[in-house]
Amino acid sequence: LRRVRLKTLLQKLVAERETQWQEDQQMASDSMQDLSLYFSGRHELGRGQKSDEQLEQYFAKMKTRVDDLDFTKDPTLVGRKIQGLIQALQEVEAYHQVASSKKMCYFLDDVRTTLRNMIRTVNVRADSLDTLSAVGELSYAWQLIDQYRGLMQAHIQNNPRRVLRLRSLFLTLVSVLEIPLSRIYQAQSPDLESVSQYYSDKLVTFVRSVLQVIPINIFQKLSNIAKIQTEELPSIPNKVARKSLQELECGAERMKVAKLSHQISLFMKGILEMDTTYMGVSLVDPQDVLKDGIRKEVVNKIVNILYGVLVFNSNPSHVEFELALTRVHNEMRGFRLSFEYIQDYIDIPALQMFYSEFDRIVAFNLEQDENLYLTKKILSQESKHQDPLCPIPLGNQKYSGGTFLGRSVRALRELSHPRSAIFALGGWWDASGNELVGVSTFSKLRGALGVAGLAGCCALLGFEVVKKLQSVFTLISDFMGGVNAGNDGMVGFFNRVLEQIAPSFSLPGQQGGGRGDSAVGKVLQAAIQRVEPITGRILELLCEIGQLQLLRQHMAGELTFAAKLESARLFDHLSTLDMALANTSKDDTIDPEMMHSQPAKKLLKDTSRFLHGMGFENPLARVYLTLPLNSSHTINHVETVLLFAVISPMCLERLSYSDEFQTLVQKRGKKERDMTLDGGPLAAGLVTVLQQMHHSRTHAFCALLGQHLRASIHGSVVLPSPDQAVNSAYGCMTVDGVFPQNAAILLALVDQISRLRGANFDAFAAVVPRYLLDTYRAVAGKSFAAPKS
């Protein structure tokens, strides 16, 4: 309809071209005559106007130039002359006699409008109808071809042998462009190349859409093969007994697989026999088109499995979580095996394509999940992992959690949250001793999501760790009065507290080995009360950070185990390369410029990518963000606030040592339900926060914690004289040499921090006597509950 309307309008313009030109030319000529008479003073509109001989002669000449225009000559030359007239009329407005009269300006503007209409009229040519006819016929052909797409696909789907006729389809489609493009060429249009490329790309897109029915049918039959292989055919061992051959025969099932494979081979036969064909100016290789179609179906299949199965509610059980992972693993394994089975029939490296597309899908979804933590978002269509020929769909995101990676991470975090799980013995357990998350969970997660998916989950947890760490430091900074707060307020208060309990290598309030006074206990109680408004939030953040870090540590361990098991040589080579690069970076004899060269940077980047995929990292030793010691952005007394939060009753009175789990757990009383704590995550969270600060702050925290631990034990010793009071700031009495309750909890915390930091961590060695930790570890199997009076 639009084409008909445009053609009718163009025909009318061509038919009325001469009449319209004459009318506009006469109007412009009369206007120039009126302007000449106006400035002569003889025109009725110019009564009172002083005559201007120059302007009178100027507009008279302009009239002559308008009369001399001939539309039968070259339209380009005539158009340039008219443009010159328009420019001259614009310049004459600068004269005072013209510019001072609004009536004259409006009159000149009408004349210029008439001249522009003359330009449009002269550019209307009769051959425009021929061009429009050619383009119109091509547009009509496009609409006609599109109507046959479904019919073509139906014929191919019903009879695979008709695929052999696709080459004639290509040749027929090429002939559609010959006539219209030849007309454009005859017209010597400069747009010939761009128009040819545009319609050629459209033809290629149409051919791809027709051939896409082949991959769709191949994967439909591939799904049937996968179902038969995984559910009906038994796996054949390397050695088979003669009497078991009949049981493993399964003739009917193998015949079904053979028929499906034969049908797939028929789909491929016609494509493999086709030659490369030019579609206009675009070269089309049918095999490349088919590979792109298969890639597209592989991506759709993987995305449907991951998004369709990995769906969890807000509070999933460990059984549901592991069943979903097992189902994904089985479906992906069946699809991979069946795809590998038919690779010889379709002449495509199936495993290479499968793993390449799977890694691309994981990287794309990881990038989309990272948008939650980034200021500059990366849209799905702008992702470097997207391919126009094989786009990655986002899948069904109506469920909470975003992509399948985000859902899996959130379900894992929910299962291992301190409010419902206890971290002990290398896993997470419920209060009844049932395992919620363990080594088998991470093994199933790797089986479902692969190495790339497990590494992606680990990376997402790292982003969450950074977010939690920023919350901790922001909370403490706001509490202390902001960055670089002076000696007034909170900063001054904690400075005075540290002065009264200094030095940290001795007991508070004394320089020798005598008893401390009760005034120090009051100072500590005042400091603990001062920190109390943010203590609960700090402890919760520490537990959340520790939970995330322990999850990352387990994921890194699973990646390392898989690398050692499945690619031992690559693991050994990367280990050697990692040690060599570490030693090279410490060598002072090497030129620093060489370490910062482009080849060196590329080597470090590639090596880091491989090491990350093999779990070569300790999350607890990683610096996620830096907290400078002395700079314009220093937060004061972070370690001091952490200390008083840890030794506060809100922390120590909520924890107890469990003989069953061999770790610190939260007491399960009514008053403890408002806040969740767990010994293992709390220690891991402390280790992570301390790792972000300068080592001097870490040693200061350890020294203060060691001082308080020694004072707790010293203050609870039974004295010979009953008249001497025990310092109430340090807890309860001990019986038969067993540690007091608070001291035992602090010893357990110190022991866990030391174990998490590794054998090289000696910050507690100088402040906590060795025999205290040895005694604690010797009696760690006994209960540290408060003794009976």
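Before any of the text, the structure's been laid out above.
Not measured: the values here are computed from a predicted model.

What the protein contains, in helices and strands, is 29 helices and seven strands. For the protein, the computed accessible surface area is about 41500 Å², with 52% contributed by carbon and sulfur atoms.

Which parts of space are left empty comes out when a probe the size of a water molecule is rolled across the atoms. Its volume calculated, the largest pocket comes out at about 1600 Å³. If you trace the largest pocket, you find 45 residues lining it, with Val451, Ala452, Ala455, His612 and Gly613 closest to the centre. Breaking the lining of the largest pocket down by element, the ones donating at least two residues are α14 (318-341), α16 (350-370), α18 (439-479), α20 (518-566) and α23 (598-613). The element contributing the most residues to the lining of the largest pocket is α18, with 13 residues. Among the residues forming the lining of the largest pocket, the class breakdown is 23 nonpolar, 10 polar and 12 charged.

Where nonpolar side chains cluster on the molecular surface, the patch consists of Leu144, Tyr148 and Leu151 and spans about 270 Å² of accessible area. Within the element layout of this structure, tyrosine 148 appears in the loop between α7 (127-147) and α8 (149-158). Among the residues examined, tyrosine 148 registers a relative accessible area of 40% and is labelled partly exposed.

Here we come to α23. Each turn of an α-helix holds 3.6 residues, which means side chains three or four residues apart point in the same direction. Its 16 residues place the ends of α23 23 Å apart at the C-alpha level, agreeing with the 22 Å of an ideal helix rising 1.5 Å per residue. Of all the residues in α23, the buried ones are Ala600, Thr607 and Leu611. Down the axis of α23, the smallest arc covering the buried residues is 40 degrees, so these residues share one side. Along α23, exposed side chains directed more than 90 degrees from the buried face belong to Gln598, Lys602, Lys605 and Arg609. At its buried positions, α23 is contacted by α21 (568-586) and α22 (592-595).

Successive side chains on a regular strand alternate, one facing one side of the sheet and the next facing the other. In this sheet, strand β7 (residues 663-666) lies alongside strand β6 (residues 655-658) in antiparallel orientation, the contact comprising four bridges. What sits directly across from serine 658, in β7, is threonine 663. Two successive antiparallel strands, β6 and β7, enclose a turn made up of four residues, where glutamine 662 displays a positive phi of approximately 55 degrees.

Moving on, we come to the pattern of salt bridges. A side chain of one charge can pair with a side chain of the opposite charge if their charged atoms are brought near each other. Taken as a whole and assessed by the stated rule, the structure comprises 21 salt bridges. Aspartate 67 is the salt-bridge partner of lysine 63, the closest N and O atoms lying 3.0 Å from each other. Of this pair, lysine 63 and aspartate 67 both sit in helix α3 (residues 53-67), four residues apart, which is roughly one turn of the helix. Judged by its relative accessible area of 36%, aspartate 67 is partly exposed. Glutamate 540 is the partner of arginine 537 in a salt bridge, and the nearest nitrogen-oxygen pair spans 3.8 Å. Taken together, the residues arginine 537 and glutamate 540, both in helix α20 and three residues apart, mark about one turn of the helix. Among the residues examined, arginine 537 registers a relative accessible area of 38% and is labelled partly exposed. Here glutamate 540 falls in the partly exposed class, since its relative accessible area comes to 23%. Because the salt bridges share partners, they merge into one network encompassing Arg208, Asp292, Arg295, Glu357, Arg360 and Asp387.

Axis separation between helix α19 (residues 490-501) and helix α24 (residues 638-646) bottoms out at 11 Å; the angle between their running directions is 70 degrees. Taken together, the axis directions place α19 and α24 in an arrangement best described as roughly perpendicular. Within the contact between the two elements, α19 uses Phe494, Val497 and Leu498 and α24 uses Thr640, Val641 and Phe644. Tallied by class, the residues present in the contact of α19 with α24 amount to five nonpolar, one polar and no charged.

To continue, consider the sheet that holds strand β4 (residues 427-429). The strand order across the open sheet built from three strands is β3-β4-β5, with neighbouring strands paired in antiparallel fashion. At either end of the open sheet lies a strand with only one pairing partner, and these are β3 (422-424) and β5 (435-437). The average undirected angle you get between the axes of adjacent strands in this sheet is 45 degrees. Alignment of β3 against β4, held across three bridges, turns out to be antiparallel. The residue of β4 that forms the bridge with alanine 424 is glycine 427. With respect to the sheet, α18 is in contact with β4 and β5, its orientation differing from that of β5 by roughly 40 degrees.

It is worth spelling out the packing of aromatic side chains at this point. Summed over the entire model, instances satisfying the criterion amount to 14 aromatic pairs. On the basis of an interplanar angle of 10 degrees and a centroid distance of 5.8 Å, the ring pair of phenylalanine 335 and phenylalanine 339 is categorised as stacked. In this pair, phenylalanine 335 and phenylalanine 339 are both assigned in helix α14, four residues apart and thus about one turn of the helix distant. Like phenylalanine 339, phenylalanine 335 is buried. Seen from their ring centres, phenylalanine 494 and phenylalanine 644 are 6.0 Å apart, and the 25 degrees between their planes marks the pair as stacked. In this pair, phenylalanine 494 is assigned in helix α19 and phenylalanine 644 in helix α24, connecting sequence segments 150 residues apart. Here the two residues phenylalanine 494 and phenylalanine 644 agree in accessibility, since each one is buried. An aromatic cluster of at least three residues, connected via ring pairs, comprises Phe219, Phe335, Phe339, Phe354, Tyr355 and Phe358. Across the ring face of phenylalanine 610, the terminal group of arginine 609 is positioned such that the distance to the ring centre comes to 4.9 Å.

With respect to the helices and strands, the residue histidine 637 is situated in the loop between α23 and α24. Since its relative accessible area comes to 10%, histidine 637 is described here as buried. Of note is the side chain of histidine 637, whose polar atom sits 2.7 Å from the side chain of asparagine 495. Engagement of the side chain of histidine 637 in a polar contact is seen with the side chain of threonine 640, the distance being 3.2 Å. Those residues in contact with histidine 637 that lie beyond four places of it in its chain are Met480, Val491, Phe494, Asn495 and Leu498.

Looking now at unusual backbone geometry. One non-glycine residue, leucine 425, lies in the positive phi region at around 55 degrees. Considering the arrangement of structural elements, one finds leucine 425 in the loop between β3 and β4.

So, about the nonpolar core. In this structure, Phe339 and Leu642 are the most contacted members of the largest nonpolar core, which totals 153 residues. Residues contacting phenylalanine 339, with those up to four places away along its chain left out, are Phe219, Leu222, Ile294, Val298, Ile346, Ala350, Met353 and Phe354. Formed by 27 residues, the second largest nonpolar core is a distinct cluster that contains Phe59, Met104, Leu108 and Leu115.

In this section: the packing of helix α13 (residues 286-309) against α14. Their axes nearest at 9 Å, the elements α13 and α14 cross at an angle of 165 degrees. The orientation of α13 relative to α14 falls into the category roughly antiparallel. Two packed elements cross with a definite hand, and for α13 against α14 that hand is right-handed. Contacts between α13 and α14 involve Ile294, Val298, Lys301, Ile302, Ile305, Leu306 and Val309 from the first element and Ala324, Arg327, Val328, Glu331, Met332, Phe335 and Phe339 from the second. Among the residues making up the contact of α13 with α14, the classes are represented as 11 nonpolar, no polar and three charged.

What follows covers helix α26 (residues 679-691). Its 13 residues place the ends of α26 18 Å apart at the C-alpha level, agreeing with the 18 Å of an ideal helix rising 1.5 Å per residue. In terms of residue burial, α26 counts as a mostly covered element, since 13 of its 13 residues are buried.

Here we come to the environment of alanine 748. As for its placement among the helices and strands, alanine 748 is situated in helix α28 (residues 741-757). Residue alanine 748 is classed as buried on the basis of its relative accessible area of 2%. As for alanine 748 and leucine 773, which are separated by 25 residues in sequence, their C-alpha atoms are 8.6 Å apart. In contact with alanine 748, other than residues within four places in its own chain, are Tyr657, Leu664 and Tyr776.

Conventions adopted
Residues numbered from 1 in each chain as written. Predicted model: local features only at pLDDT ≥ 70, side-chain atom pairs only at ≥ 80, totals over all residues. Heavy atoms only, no water. Helix = DSSP H or I, 4+ residues; strand = E, 2+ residues; numbered from the N terminus. Areas by Shrake-Rupley, 256 points an atom, 1.4 Å probe, with all protein chains shown as cover. 1 Å grid on protein atoms, 1.4 Å probe; cavity = no way out; pocket = protein on both sides within 12 Å on 5 of 7 lines; lining within 4 Å. Points joined across faces, edges and corners; volume = space filled by probe spheres on them. Nonpolar A, V, L, I, M, F, W, Y, C, P; charged D, E, K, R; others polar. Patch = residues over 30% accessible without salt bridge, like charges linked within 9 Å, V, L, I, M, F, W, Y side chains within 5 Å. Salt bridge = Lys/Arg side-chain N within 4 Å of Asp/Glu carboxyl O. Buried < 20%, exposed > 50% of the residue type's maximum accessible area, 1.4 Å probe, protein only. Expected span 1.5 Å × (residues − 1). Arc of directions from axis to C-beta. Contact = heavy atoms within 4.5 Å. Pairing = 2+ DSSP bridges. Axes fitted to C-alpha atoms, helices over the stretch in contact; angles between N-to-C directions. Parallel < 35°, antiparallel > 145°, perpendicular 65-115°, else oblique. Phe/Tyr/Trp six-rings, centres within 6.5 Å; stacked < 30°, edge-to-face > 60°. Lys NZ or Arg CZ within 6 Å of the ring centre and 35° of its normal. Polar contact = N/O pair within 3.5 Å; in protein donor to acceptor, adjacent residues only side chain to side chain. Core = buried A, V, L, I, M, F, W, Y, C linked by side-chain atoms within 4.5 Å. Left-handed = near helix turned anticlockwise from the far one by under 90°.

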